[in-house]
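The primary structure of each chain is shown beneath.
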Amino acid sequence: MGEELKRTEFSREHRREYRRKVQLCLDVFETMLSQSSFEFERPLTGMEIECNLVDGDYQPAMSNTEVLASIADPAYQTELGAYNIEFNVPPRPLPGRAGLDLEADVRASLNAAEGKAASSGSHIVMIGILPTLMPEHLFSGDWMSESTRYQALNDSIFTARGEDISIDITGPERLSLQTPNIAPESACTSMQLHLQVSPADFADNWNAAQVLAGPQLALGANSPYFFGHELWAETRIELFTQATDTRPDELKAQGVRPRVWFGERWITSIFDLFEENVRYFPSLLPDLSDEDPVAELAAGRTPKLSELRLHNGTVYRWNRPVYDIVGSGADAKPHLRVENRVLPAGPTVLDMMANSAFYYGMLRTLSEEDRPVWTKMSFAAAHHNFSEAAQHGMDARLYWPGLGEVTPDELVLRQLLPMAEEGLRRWGVAAEVRDRYLGVVEGRAKTGRNGAVWQTETVRALQERGLARPAALAEMLRLYCQRMHSNEPVHTWDGPD
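Residues numbered from 1 in each chain as written. Predicted model: local features only at pLDDT ≥ 70, side-chain atom pairs only at ≥ 80, totals over all residues. Heavy atoms only, no water.

Novice: Describe in detail the overall build of the protein, supporting the description with residues and values.
Specialist: When helices and strands are counted, the protein shows 17 helices and 15 strands. Against the 2.2 N^0.38 benchmark of 23 Å for 497 residues, the protein shows a C-alpha radius of gyration of 22 Å, consistent with a compact globule. Dimensions of the protein, computed from C-alpha atoms along their principal axes, come out at roughly 70 × 50 × 45 Å. In the protein, which comprises 497 residues, the proportion classed as buried is 60%. A gap of 3 Å separates the mean positions of the 48 positive and 71 negative side-chain charges of the protein. (Helix = DSSP H or I, 4+ residues; strand = E, 2+ residues; numbered from the N terminus. Rg over C-alpha atoms; globule rule 2.2 N^0.38 Å. Buried < 20%, exposed > 50% of the residue type's maximum accessible area, 1.4 Å probe, protein only. Lys, Arg positive; Asp, Glu negative; His and termini not counted. Charge placed at Lys NZ, Arg CZ, Asp CG, Glu CD.)

Structural data, given as structure tokens:
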């Protein structure tokens, strides 16, 4: 969820001082990139999984306070919605059989958490958007988690806009509404992947992640429904963009950038991204620390750069740069990460591990090419791939240099799977791990079935049997949860009995 804030209201003087501190942190960060020693000799990967809570009828359960108290594990935290929780998986290296160990650990932890949640009448669901979520759940009652940070974020976005937020998403069944709060953002639950990299390698890894975002989404889409409407294959992408938009129409017309942002250019340094964030985006949460970053660096200590990190956390890039610190005191060491925020949660732990293996393998190969793929395609083409995949999933048409416009299955099977395999081999990942996870990706590509396809096919089958849409969504979610716990990959799932 990010660190808690001390206040929800900020004076003009407070905001001016915060802007000064952010700029000061940016200057110190630039100095550190040229002078400091960053931790990267033993690169670690990390994972965060955002989950939903439902009751016995598979309706949203606004019970995360009780559920988290039952779980009593610091790895589980609140998220924006009272029906959301987040599971933070401890960082670990990639090589050898680490992937199989991670899969077993994540399953064991989630199963234990599910058992404790069930004792209070709730169940945990990993899915991009909870399909049974309806307007009455978000626009009445206590939908928001108890948090100063979330309240301040909601207030700041609406202060910046000066009016309600418009949600307007086209698709098979268009949805258009006005929302008086950021509650629809809470519907978007994702899996976030982290990779620790050196300052010298950051730009290549970020550029590679941007190239990969379209194929990632096409393979992993799992959010076709919102408020009962069938929308995009990965509706979460457009919903998150619109639900946090601080711009009224006039600022959109002027070309002001949205805070949920794909970006607009390839980069040469991580500094490019932090500098853009400071230059383009006003502060949303101007919370001040007591640190003097210049004095900390001069004293030979690692500055926390709290204001810069907080500001960076309110610019929602799909591939976000992260500056963080490991250790404390004299042992504190800075490190840099690429945070990949493209993928939805679910459907199973195995599916998420397959998505992770594909991502890390592809990133390694793409970032080490002599003539990188992003030198052969425009940034606009990568952005178009991302939007096309979010809308159409496995039916998208994606551009790839040397192939032209192709379907995701053709692109993955002909071009990307061998690259992912080679990347994992370079990471030192064991053959049995590569085979297990990339076999799932191959199966998904060959069948054309991801989570979004299974959800829409199942709902249609249930409606053809006479169920109304709300009942069909609830029954689909019940079947989804059964199969989620089986840990069989989604491309092998059958429909309703």
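Novice: So what's going on with the side chain of glutamine 455? Which residues, and what values?
Specialist: In this structure, glutamine 455 sits in helix H16 (residues 451-464). Overall, the relative accessible area of 1% leaves glutamine 455 in the buried class. Within polar-contact distance, the side chain of glutamine 455 engages the side chain of asparagine 222 at 3.0 Å. If we skip the residues at most four places from it in the chain, glutamine 455 touches Ile127, Pro131, Asn222, Ser223, Pro224, Tyr225, Met476 and Tyr480. (Polar contact = N/O pair within 3.5 Å; in protein donor to acceptor, adjacent residues only side chain to side chain. Contact = heavy atoms within 4.5 Å.)

Novice: Summarise the pattern of salt bridges; cite the residues concerned and give the values.
Specialist: The full count for this structure, using the stated rule, is 34 salt bridges. Across the pair arginine 460 and glutamate 230 runs a salt bridge, and its minimum N-O distance is 2.8 Å. You can see arginine 460 sitting in helix H16 and its partner glutamate 230 sitting in strand S9 (residues 229-230), a full 230 residues away along the chain. For arginine 460, a relative accessible area of 43% puts it in the partly exposed group. Taken together, the shared-partner salt bridges connect Arg364, Glu368, Glu422, Arg425 and Arg426 into one network. (Salt bridge = Lys/Arg side-chain N within 4 Å of Asp/Glu carboxyl O.)

Novice: Tell me about the side chain of asparagine 312, residues and numbers included.
Specialist: Structurally, asparagine 312 can be placed in helix H11 (residues 306-312). Side-chain polar atoms of asparagine 312 contact the side chain of asparagine 277, separated by 2.8 Å. Beyond its immediate sequence surroundings of up to four residues, asparagine 312 is in contact with Phe274, Asn277, Arg320, Pro321 and Val322.

Novice: Provide a residue-level description of the packing of helix H1 (residues 12-35) against helix H9 (residues 270-280), including the pertinent values.
Specialist: Running from N to C, H1 and H9 cross one another at 175 degrees; their axes reach a closest spacing of 11 Å. The angle between H1 and H9 places the two elements in the roughly antiparallel class. Between H1, through Val22, Gln23, Leu26, Phe29, Glu30 and Leu33, and H9, the contact on the second element is made entirely by Ile270, Phe271, Phe274, Glu275 and Val278. When grouped by side-chain class, the residues that make up the contact of H1 with H9 number 8 nonpolar, 1 polar and 2 charged. (Axes fitted to C-alpha atoms, helices over the stretch in contact; angles between N-to-C directions. Parallel < 35°, antiparallel > 145°, perpendicular 65-115°, else oblique. Nonpolar A, V, L, I, M, F, W, Y, C, P; charged D, E, K, R; others polar.)

The values are spatial; any link to function lies outside them.
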